Amino acid sequence: MEGKTERPKLLVSIVERRRGKDMIKLYDREGVTFHYQTVGRGTATSEIMDILGLESRDKDIVLSLAAASLIDQLAYRMSNELRGSVDTKGIFFDLPLTGMSNMIAAAFSIPLKAPEKEPAPRLTEALLEKAFPARQEDTGKEEPSMSSENKHTLILISVNQGYTETVLKTARSLGARGGTILRARWSGVKALETYHGISLQTEKEIIAIIVPNDLRNRIMDAVNEKHGLKTEAQAIVCSMKVDHFAPI
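Residues numbered from 1 in each chain as written. Predicted model: local features only at pLDDT ≥ 70, side-chain atom pairs only at ≥ 80, totals over all residues. Heavy atoms only, no water.

(A) Fine view of the pattern of salt bridges. Tallied over the full model, the rule gives nine salt bridges. For Asp60, the salt bridge goes to Arg17, with nearest N and O atoms at 2.5 Å. With Asp60 in strand S3 (residues 58–67) and Arg17 in the loop between strand S1 (8–16) and helix H1 (20–29), this pair connects stretches of sequence that are 43 residues apart. The exposure class assigned to Asp60 is buried, which follows from its relative accessible area of 1%. Here Arg17 falls in the partly exposed class, since its relative accessible area comes to 34%. Across the salt bridge formed by Arg77 and Glu81, the nearest N and O atoms sit 2.6 Å from each other. Since its relative accessible area comes to 23%, Arg77 is described here as partly exposed. (Salt bridge = Lys/Arg side-chain N within 4 Å of Asp/Glu carboxyl O. Helix = DSSP H or I, 4+ residues; strand = E, 2+ residues; numbered from the N terminus. Buried < 20%, exposed > 50% of the residue type's maximum accessible area, 1.4 Å probe, protein only.)

As C-alpha cells, then:
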C-alpha cells in the first residue's frame with residue numbers, strides 16, 4: 001500500500017548579512033536542502049539596532065522549500081534545541097504553498113512511511129514560552145508573550161522608491177514592529193495604465209511585515225487608503241497566512 005504524499009511548504013529566514021550560508025548549512029543537515037538566497041534591508045531604527053547590538057540593516061534572506069512535515073519539524077527544532085546554532089539574530093516563518101512547478105512538486109512528494117520515532121510536536125503556545133520569555137507578573141506566573149501557530153500574517157506592500165518610510169510609519173502607528181525591504185521592478189505597466197488610467201513608476205520596493213492576525217485588516221486598509229495606487233506612493237498590498245513564526 002502506497003503512503004500518502006504531502007504538499008511542500010516555504011520557510012523564510014531573515015538573518016544578519018553574511019549569515020545566510022550558515023543557515024543553509026544548518027538546514028541541509030536537517031534534511032531541508034532546496035534553497036534560494038537574496039538580500040534585503042531591515043527597517044529597525046538606529047536606537048533599536050543599538051539595543052540589539054546590530055551593526056547593519058542589511059539582511060540575508062533564505063527561501064527554503066521542502067515537504068511540509070520536514071518544515072514543521074525544522075520549525076519546532078529551531079525554537080528549541082537548534083536555537084542559537086548559528087551566531088546571528090533574525091526571524092523565521094513558514095508559509096503553505098498552493099501551487100508549484102510539477103517537477104519540483106514531484107521531487108517533494110515522497111511517500112510517507114510510518115515514523116520510526118514519535119514525531120516532534122508542532123509548535124504550540126506552550127513551547128513558545130521558551131522562545132519568547134515573558135515578563136514576570138505580580139502573581140509570579142509566566143505567560144507566553146507571543147504565539148506561533150496560525151496567528152500571524154505576512155503583509156507584502158509594493159511601493160514607489162522614496163515612499164517606504166512614509167508607508168512604514170503608517171504601519172507602525174497601527175502596531176507593526178518593523179519589516180524587511182526588497183528592491184524590485186514593476187512589469188506590465190502599460191496594461192495597468194490602460195485599465196486604470198494611471199502611470200506607474202517602474203522602480204519599486206517591497207516591504208515584508210509579519211503582524212498578528214488581529215492587526216492585518218487595520219494595517220492593510222490604512223496603507224491602501226493613505227498610500228494606494230492613486231497616490232504618489234502607489235502602494236499595492238496583499239497578505240498571506242503564516243503557519244509558524246519565531247526568532248532565530
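(B) Representation of the pairing of strand S2 (residues 34–42) within the structure. As defined by bridge partners, S2 adjoins S3 across eight bridges and the pair is classed as antiparallel. Bridge pairing in S3 links Arg41 to Asp58. Pairing of S2 with strand S6 (residues 180–185) involves two bridges; the strand directions are antiparallel. What sits directly across from Gly42, in S6, is Thr180. (Pairing = 2+ DSSP bridges.)

(C) Quick peek at the environment of Arg17. For the pair formed by Arg17 and Val39, sequence separation is 22 residues and the distance between their alpha carbons is 7.8 Å. In this structure Arg17 touches Val39, Asp58, Lys59 and Asp60, once residues within four positions along its chain are discounted. (Contact = heavy atoms within 4.5 Å.)

(D) Representation of the sheet that holds S6. Across the sheet, nine strands lie side by side as S8-S5-S7-S6-S2-S3-S1-S4-S9; this open sheet has antiparallel pairing. Every interior strand has two partners, whereas the edge strands, strand S8 (236–242) and strand S9 (244–247), have only one. Strand-to-strand twist in this sheet, taken as the mean axis angle between neighbours without regard to direction, amounts to 25°. Pairing analysis gives seven bridges linking strand S5 (residues 152–160) to S8, with the strands arranged antiparallel. Bridge assignment links Leu154 to a residue of S8, and that residue is Met240. Of the strands in this sheet, S1, S2 and S3 are in contact with H1, which crosses S2 at around 150°. Docked against the sheet, helix H6 (residues 164–173) engages S5, S6 and strand S7 (203–212), running at close to 15° with respect to S7. (Axes fitted to C-alpha atoms, helices over the stretch in contact; angles between N-to-C directions.)

So yeah, pure geometry; function would need other evidence.
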